[in-house]
Amino acid sequence: MDLRFITKMPKYRLVLWIAFLASLLFFIFQMRSLPGGAQRGPAPKGFELYDSLVRLIRNDYLEERDPVRTAEGAYRGLVNSLDPLSAYLDRELAARYLARDHAEKQTGLVLFKRYGSFPQVMAVVEGSPAGQADVRPGDLLSAIGGRSTLSMSLAEADLLLRTRGEEPVEVKLLRGNATLEISLARAALFPKPFSFSREAGGPAILRIHDFSPSLITEVKKEVVPVLKNGKTPLVLDLRDCREGNLDEARALVNLFLKAELVGRYEKKGGVKEDVGCPDDAPLRKTPLAVWTSPATMGPAELAAGALQELRKAKVVGFPTPGLAGRRTAFVLEDESLVLLTSAVFSLPSGRSLWGQGITPDAPLAPGDSSEKAYLEKTLPLFPGL
């Protein structure tokens, strides 16, 4: 930084710059105390500067400031800017994150967000409150409950849209040149983590809503017996699926193939952790296709990528954003929470899904995302139908 620039700054701006830098230093100090973080050691020599600056802001800055809130702003900016999965959550949101479950009520919005931009609606669950309110893919969500979303993480935006109660949430949408203010109800969207159907003359369709801990147990009980003859073609529908457990996604892959290596988690320093599917695969002979959408993220990308590469299942739909990564939660001493991407997933070929996502074998035309369009692309893949 140019020191000449600093000496010409007004006093109060100089204090803010120093306070911001000191807050970052304080955050780094906090991170040293996290499990799996940097090796523990004495506090940095500059740590005393933080206390001095807090006193300086409290005594000499022209406006009254809460030093804790000032520091939280620095933490949020530092962590949220890392990637779409990483996030800093204050004490209240941390408690909500740790207590979240499948039974919570939601709006039906599926969002994607990069740092410094508004969350974008990638998909709207059919029949959900958001769908009934005519929220559309491509809309930008500029405020939730009166709070600007610009500096939020994706995790924070998602948490603010969920509830255990019945109260609606006020949101502000940007659509082209228009600004829309909408009150969205929230509802329990899916009674189970999947749905299964088959119509005469078409393939069976297993749609995964989220990779909750009960998914594979229920699929083995309700779906596998129907398909065990190995002759019924199946569509694994992963459209708009982005929540859940990475190991459940691996277990889903294991229903369709058995392999010592289906991919690797790549960690800091080049460390790699092999991921395998060692159990017998009851659906290994089932003709298979996979559906993806721009809102197919995380665990769903792991499943789609592994089946595409190892099972040679054809993927129909749209490219995915590339969020197949492991997110680790660290609770800080003040009960706030840091979510950090601690590993990313790559396929046996070496192709990383992080930031690259899935490229479909049978892409759909832009704007044509109806189930009819998916079926028209899929039926030629199953000659026996």
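Scoring rules and cut-offs
Residues numbered from 1 in each chain as written. Predicted model: local features only at pLDDT ≥ 70, side-chain atom pairs only at ≥ 80, totals over all residues. Heavy atoms only, no water. Helix = DSSP H or I, 4+ residues; strand = E, 2+ residues; numbered from the N terminus. Buried < 20%, exposed > 50% of the residue type's maximum accessible area, 1.4 Å probe, protein only. Contact = heavy atoms within 4.5 Å. Areas by Shrake-Rupley, 256 points an atom, 1.4 Å probe, with all protein chains shown as cover. Salt bridge = Lys/Arg side-chain N within 4 Å of Asp/Glu carboxyl O. 1 Å grid on protein atoms, 1.4 Å probe; cavity = no way out; pocket = protein on both sides within 12 Å on 5 of 7 lines; lining within 4 Å. Points joined across faces, edges and corners; volume = space filled by probe spheres on them. Nonpolar A, V, L, I, M, F, W, Y, C, P; charged D, E, K, R; others polar. Pairing = 2+ DSSP bridges. Lys, Arg positive; Asp, Glu negative; His and termini not counted. Polar contact = N/O pair within 3.5 Å; in protein donor to acceptor, adjacent residues only side chain to side chain. Phe/Tyr/Trp six-rings, centres within 6.5 Å; stacked < 30°, edge-to-face > 60°. Lys NZ or Arg CZ within 6 Å of the ring centre and 35° of its normal. Axes fitted to C-alpha atoms, helices over the stretch in contact; angles between N-to-C directions. Right-handed = clockwise from strand over helix to strand, strands pointing away. pLDDT = per-residue confidence, 0-100.

## Comments concerning the overall build of the chain
The number of helices and strands found in the chain is twelve helices and 17 strands. Residues counted as buried form 47% of the 385 residues belonging to the chain. For the chain, restricting intrachain contacts to residue pairs at least 6 apart in sequence, the fraction spanning at least 24 positions comes to 68%. Accessible surface, the chain: about 19400 Å² in total, of which carbon and sulfur atoms supply 53%.

## Quick look at the pattern of salt bridges
Taken as a whole and assessed by the stated rule, the structure comprises 21 salt bridges. With a closest N to O distance of 3.7 Å, Lys105 and Glu166 form a salt bridge. Highlighted residues: Lys105 in the loop between helix 5 (91–99) and strand 2 (109–112) and Glu166 in the loop between helix 7 (154–161) and strand 6 (169–175), separated in sequence by 61 residues. Residue classification places Lys105 among the buried positions, given a relative accessible area of 18%. Across the pair Arg186 and Glu167 runs a salt bridge whose closest N-O atoms are separated by 3.9 Å. Taken together, the residues Arg186 in the loop between strand 7 (178–184) and strand 8 (194–198) and Glu167 in the loop between helix 7 and strand 6 connect sequence positions 19 residues apart. Several salt bridges converge on common partners, so that one network encompasses Arg207, Asp237, Arg239, Asp240 and Glu371.

## Observations regarding empty space enclosed by the protein
Tallied over the entire structure, the rule returns two cavities of 30 Å³ or more. Roughly 50 Å³ of internal volume is contained in the second largest cavity. If you go around the second largest cavity, the residues you meet are Asn80, Asp83, Pro84, Ser86, Lys113, Arg114, Tyr115, Met152, Ser153 and Leu154. When its residues are assigned to classes, the lining of the second largest cavity shows four nonpolar, three polar and three charged.

## Some remarks on the pairing of strand 12 (residues 272–277)
The pairing of strand 11 (residues 259–267) with strand 12 spans five bridges and is classified as antiparallel. Looking at strand 12, one finds that Glu266 is bridged to Lys272. Hairpin remark: strand 11 followed by strand 12, antiparallel, with four residues in the connecting loop; positive phi at Gly269, about 80 degrees.

## As for the side chain of Lys113
Counting through the fold element by element, Lys113 comes out in the loop between strand 2 and strand 3 (120–124). One buried charged residue, Lys113, remains without a salt bridge, the closest side chain of opposite sign being Glu156 at 8.3 Å. Side-chain polar atoms of Lys113 contact the backbone oxygen of Leu150, separated by 3.2 Å. Polar contacts involving the side chain of Lys113 include one to the main-chain carbonyl oxygen of Met152, which spans 2.8 Å. Here Lys113 is in contact with Pro84, Phe118, Pro119, Thr149, Leu150, Met152, Ser153 and Leu154, once residues within four sequence places are set aside.

## Some remarks on the packing of aromatic side chains
For the coordinates displayed, the defined rule picks out three aromatic pairs. Taken together, a centroid distance of 6.4 Å and an interplanar angle of 65 degrees make the contact between Phe318 and Tyr374 edge-to-face. With Phe318 in the loop between strand 14 (314–317) and strand 15 (325–331) and Tyr374 in helix 12 (residues 371–378), this residue pair connects regions lying 56 residues apart in the sequence. Among the aromatic residues, those joined into a ring-pair cluster are Trp291, Phe318 and Tyr374. A cation over an aromatic ring shows up here: Arg239 above the ring of Tyr374, its NZ or CZ 5.0 Å from the ring centre. The ring of Tyr265 has Arg326 sitting right over it, with the charged end atom 4.2 Å from the ring centre.

## Some words on the sheet that holds strand 9 (residues 204–208)
Within a sheet, adjacent strands bond to each other through the backbone by hydrogen bonds, running parallel or antiparallel. Taken together, six strands build an open sheet; the order of strands is 8-9-10-13-14-17 and the sheet is mixed. Here the strands that pair on one side only, and so sit at the sheet edges, are strand 8 and strand 17 (362–363). Here four bridges tie strand 10 (residues 234–237) to strand 13 (residues 288–292), and the two strands are oriented parallel to one another. Paired with Leu234 across the two strands is Leu288, which belongs to strand 13. This element, helix 8 (residues 215–222), spans strand 8 and strand 9 of the sheet and lies at about 25 degrees to strand 8. Along the sheet face, helix 12 touches strand 9, strand 10, strand 13, strand 14 and strand 17 and points at about 145 degrees away from the line of strand 13.

## Structural notes on the side chain of Glu156
Relative to the helices and strands, Glu156 is located in helix 7. For Glu156, a relative accessible area of 2% gives the class buried. Only 2.9 Å separates the side chain of Glu156 from the side chain of Arg147, close enough to count as a polar contact. Dropping the residues within four chain positions of it, Glu156 is found in contact with Arg76, Leu89, Leu93 and Arg147.

## Quick notes on the pairing of strand 14
The side chains of a regular strand alternate, residue by residue, between the two faces of the sheet. When strand 13 meets strand 14, the two strands line up parallel, connected through four bridges. Of the residues in strand 14, the one forming a bridge with Trp291 is Val316. In this fold, the crossover linking strand 13 to strand 14 by way of helix 11 (residues 299–310) has right-handed handedness. Direction of pairing for strand 14 relative to strand 17: parallel, over a ladder of two bridges.

## Examining the confidence of the model for the chain
Taken as a whole, the chain shows an average pLDDT of 86; of its residues, 83% reach a score of 70 or greater. Within the model, pLDDT remains below 50 along residues 1–19, and this stretch shows 13 contacts once partners closer than five positions in the same chain are excluded.

## With respect to the environment of Leu307
As for its position among the elements, Leu307 is in helix 11. Take Leu307: its relative accessible area is 0%, and that puts it in the buried class. Sequence separation between Leu307 and Ala289 is 18 residues; the distance between their C-alpha atoms is 9.0 Å. Excluding anything up to four places from it in sequence, Leu307 contacts Leu236, Val253, Phe256, Leu257, Leu288, Val290, Lys312 and Ala313.

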